[in-house]
Amino acid sequence: MDEVDGMGAGDRSGMAELIAMIKKSKVPIICICNDRQSQKVRSLANHCLDLKYKRPVKTMIARRAIEVARMEEMHVEQNAAEAIAESCGNDIRQVLNSLQMWSSKKDGSSNRSANMTYKDVKDRQNSINKDEILRVSMFDACRHIIEGPKGIADADEKTKRDSLYKRSDAFFTDYGLMGLQVQHNYLKVMIPQFQQARAKGDPADELAMLERMVDATNAMSDFAIGENGVRGGDQNWALLPMTAMLCVKAGHHAAGPTGGFLPGYPEFAGWLGKNSSRGKKTRLLHELGHHMNYRVSSDTTQLRLGYIPALRQEFLKLMLDKNGPKVEEVISIMDAYGLDRDDVFEKLDEFNLDKKADKFSDIDSKVKAAFTREYNKGSHKSQALVEEQGVSKKKKSSGGNGSSETKDPDAIDEDGAGGDDDDDNDDELNEEEIA
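The paragraphs below set out a description of the structure included in this document. Please read these numbers as outputs of a predicted model, since none were measured by experiment.

## Comments concerning the pattern of salt bridges
Link 1 in the chain: Counted according to the given criterion, the structure contains 16 salt bridges.
Link 2 in the chain: A salt bridge links K347 to E287, with the shortest nitrogen-to-oxygen separation between them at 2.7 Å. With K347 in helix 16 (residues 341–347) and E287 in helix 13 (residues 271–292), this pair connects stretches of sequence that are 60 residues apart.
Link 3 in the chain: On the basis of relative accessible area, K347 is assigned to the buried category, the value being 13%.
Link 4 in the chain: Ionic contacts of the salt-bridge type, sharing partners, join the residues R283, E287, D343 and K347 into one network.

Have a look at this one:
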């Protein structure tokens, strides 16, 4: 059974059935997984002999490769076999493929497969080794792009062209996130160069740096337009190679004609976290607007810039009054605008831009508890929006032989406290009438 750590996503009770099979079977069952620490494997491990394997080193692979080559009537040097293993990333299957490709070169005099020496391996390494760009991480590929044409200032045109193609291939390591990675890190390459230009005191160097920065920024702007064409409604995937070259162009301008150096490690794209926060705040803003729409006629922009700051300041002023919290006035304003307790104490703090300002989270927990008790004593307009929002606040809890429902104090029960009993009585009356 291979990939047992992947069971559970679409295989319901698959792990339990496998354990039951192991208990009954008289034939040994080998279970293979990649992630031994996965939660799905822990229950299975109690019924197995736990054997852990490490990736084989190049010397071990080289010995086995020499033995395989000897059976195929090939002579392989030890250092040549180790070089092949290292170039293939210690991938045994790729090493065997490399040996097979090498054996296709026949020796015309004896009609036998060619021998493999270390010198021959170095001469033909590019034709048999595993593509290096497929073995780099997304962060290393980002560094490769934004550091530009590094170390090839005096090289010939072929070397420069190969460097350009490698940087373009690095984009496809993860073309979904590489643009964001480059956008987040490309200006950091220019910081050491700009500091050196300022230390020299040469205005011409500083101006040249700023012009390169403008060119790099324009390239990233063009990348955003191309990315929108790829990901937008048209989904023109033919633009993907162009977007890759625009990222390479941004790195070329940022690093300069001789290449640059990125201090530290490339950071992960911060746009993803910011976009998640923006989505959350947009959702909360729409919820507040939906609660207040019967009293306030404004769009979300006016609500965010006008109403929310004023209401938040007024609520904090009343709750933090030096003579004690004015709970009744707060509840009165909440009812006037259709706001509930979560809207005030949980959501309004999300729209505060002043980090030093007072927050609802800073209010003493005893004051909040007293406010909640006072708020739950009455009925409020915001309770009518619970079902309309499609959010059920009732939670089922089982205890003993029966089950009970924990009811939200804010929810309205139009049938009264004995709603279930009334339904039963109605059924009985209907039965009597039918009889």
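## A few points about the environment of V4
Link 1 in the chain: Of note, V4 is situated in the segment before helix 1 (14–24).
Link 2 in the chain: In sequence terms V4 and G14 are ten residues apart; their C-alpha atoms lie 9.4 Å from each other.
Link 3 in the chain: Those residues within four positions of V4 in sequence are excluded, and the remaining contacts are M15, L18, C31, I32, C33 and L44.

## Comments concerning the packing of aromatic side chains
Link 1 in the chain: Counting across every chain of the model gives nine aromatic pairs.
Link 2 in the chain: When the centroid spacing of 5.6 Å and the interplanar angle of 65° are considered together, the rings of F345 and F360 count as edge-to-face. With F345 in helix 16 and F360 in the loop between helix 16 and helix 17 (365–376), this pair connects stretches of sequence that are 15 residues apart. Taken as a pair, F345 and F360 share a single burial class, namely buried.
Link 3 in the chain: Just above the ring of Y337 sits the side chain of R295; from NZ or CZ to the centre is 5.6 Å.
Link 4 in the chain: One residue, R341, lies across the ring of F345, its end atom 4.9 Å from the ring centre.

## What about the packing of helix 3 (residues 58–71) against helix 5 (residues 92–103)?
Link 1 in the chain: With their axes 11 Å apart at the nearest point, helix 3 and helix 5 run at an angle of 35° to one another. For the crossing formed where helix 3 meets helix 5, the hand is right-handed. Of helix 5, the residues touching helix 3 (which contributes I61, A65 and V68) are I92, V95, L96 and L99.
Link 2 in the chain: Looking at the contact of helix 3 with helix 5, its residues break down into seven nonpolar, no polar and no charged.

## Looking at the environment of M242
Link 1 in the chain: Here M242 is to be found in helix 12 (residues 240–255).
Link 2 in the chain: The class of M242 is partly exposed, set by a relative accessible area of 39%.

## Details of the nonpolar core
Looking at soluble globular proteins, one finds that nonpolar side chains tend to be buried together.
Link 1 in the chain: Counting residues in hydrophobic clusters, the biggest one holds 27 residues, and the most contacted among them are I146, F171, M178, V182 and Y186.
Link 2 in the chain: The element that contributes the greatest number of residues to this core is helix 12, accounting for seven residues.
Link 3 in the chain: Among the nonpolar cores identified, the runner-up in size contains 25 residues, and L284, V296, I308 and F360 belong to it.

## Considering helix 7 (residues 138–146)
Link 1 in the chain: Of all the positions in helix 7, only M138, A141, C142, R143, I145 and I146 are classed as buried.
Link 2 in the chain: Residues of helix 7 that are buried in the fold lie against helix 8 (157–171), helix 9 (178–185) and helix 12.
Link 3 in the chain: Phi for G148, located one or two positions after helix 7, is positive at around 70°.

## Notes on the packing of helix 13 against helix 14 (residues 300–319)
Link 1 in the chain: One way to put it is that helix 13 packs onto helix 14 with a least axis distance of 11 Å and a crossing angle of 80°. It follows that helix 13 is roughly perpendicular to helix 14 by the angle criterion. Counting all contacts with helix 13, which are made through L285, H286, L288, G289 and M292, the residues of helix 14 involved are T300, L303, R304, Y307, I308 and L311.
Link 2 in the chain: Taken together, the residues of the contact of helix 13 with helix 14 sort by class into seven nonpolar, three polar and one charged.

## Here's the deal with the environment of I19
Link 1 in the chain: With respect to the secondary-structure elements, I19 resides in helix 1.
Link 2 in the chain: By relative accessible area, I19 is classed as buried at 11%.
Link 3 in the chain: The spacing of I19 and L44 is 25 residues in sequence and 6.4 Å in space, taken between C-alpha atoms.
Link 4 in the chain: Ignoring sequence-local partners within four residues, the contact set of I19 consists of S43, L44 and H47.

## A closer look at the side chain of D349
Link 1 in the chain: Note that D349 resides in the loop between helix 16 and helix 17.
Link 2 in the chain: Engagement of the side chain of D349 in a polar contact is seen with the side chain of R312, the distance being 3.3 Å.
Link 3 in the chain: When residues no more than four places from it in sequence are discounted, the contact partners of D349 are R312, K359, F360 and S361.

## Observations concerning a nonpolar patch on the surface
Link 1 in the chain: A cluster of nonpolar residues, L49, L51 and Y53, forms a patch on the protein surface that exposes about 440 Å² of accessible area.
Link 2 in the chain: Structurally, L51 can be placed in the loop between helix 2 (39–45) and helix 3.

## Thoughts on unusual backbone geometry
Among all residues save glycine, negative phi is the norm, and among peptide bonds the norm is trans.
Link 1 in the chain: The backbone of E73 shows a phi angle near 60°, a positive value even though the residue is not glycine.
Link 2 in the chain: Mapping E73 onto the fold places it in the loop between helix 3 and helix 4 (78–87).
Link 3 in the chain: The phi torsion at Q235 lies on the positive side, around 50°, for a residue other than glycine.
Link 4 in the chain: If you trace the backbone, Q235 turns up in the loop between helix 11 (203–231) and helix 12.
Link 5 in the chain: When its relative accessible area of 48% is taken as the criterion, Q235 is described as partly exposed.

## A short note on helix 3
Link 1 in the chain: Between the first and last C-alpha of helix 3 there are 20 Å, a value that for 14 residues agrees with the 20 Å anticipated at 1.5 Å per step.
Link 2 in the chain: Turning to helix 3, its buried residues number three or more, namely I61, A62, A65 and A69. For helix 3, the angular spread of the buried residues around the axis is 100°, confining them to a single face. Facing away from the buried side of helix 3, by more than 90 degrees, are the exposed residues R63, R70 and M71.

Conventions and cut-offs
- Residues numbered from 1 in each chain as written.
- Predicted model: local features only at pLDDT ≥ 70, side-chain atom pairs only at ≥ 80, totals over all residues.
- Heavy atoms only, no water.
- Salt bridge = Lys/Arg side-chain N within 4 Å of Asp/Glu carboxyl O.
- Helix = DSSP H or I, 4+ residues; strand = E, 2+ residues; numbered from the N terminus.
- Buried < 20%, exposed > 50% of the residue type's maximum accessible area, 1.4 Å probe, protein only.
- Contact = heavy atoms within 4.5 Å.
- Phe/Tyr/Trp six-rings, centres within 6.5 Å; stacked < 30°, edge-to-face > 60°.
- Lys NZ or Arg CZ within 6 Å of the ring centre and 35° of its normal.
- Axes fitted to C-alpha atoms, helices over the stretch in contact; angles between N-to-C directions.
- Left-handed = near helix turned anticlockwise from the far one by under 90°.
- Nonpolar A, V, L, I, M, F, W, Y, C, P; charged D, E, K, R; others polar.
- Core = buried A, V, L, I, M, F, W, Y, C linked by side-chain atoms within 4.5 Å.
- Parallel < 35°, antiparallel > 145°, perpendicular 65-115°, else oblique.
- Polar contact = N/O pair within 3.5 Å; in protein donor to acceptor, adjacent residues only side chain to side chain.
- Patch = residues over 30% accessible without salt bridge, like charges linked within 9 Å, V, L, I, M, F, W, Y side chains within 5 Å.
- Areas by Shrake-Rupley, 256 points an atom, 1.4 Å probe, with all protein chains shown as cover.
- Expected span 1.5 Å × (residues − 1).
- Arc of directions from axis to C-beta.

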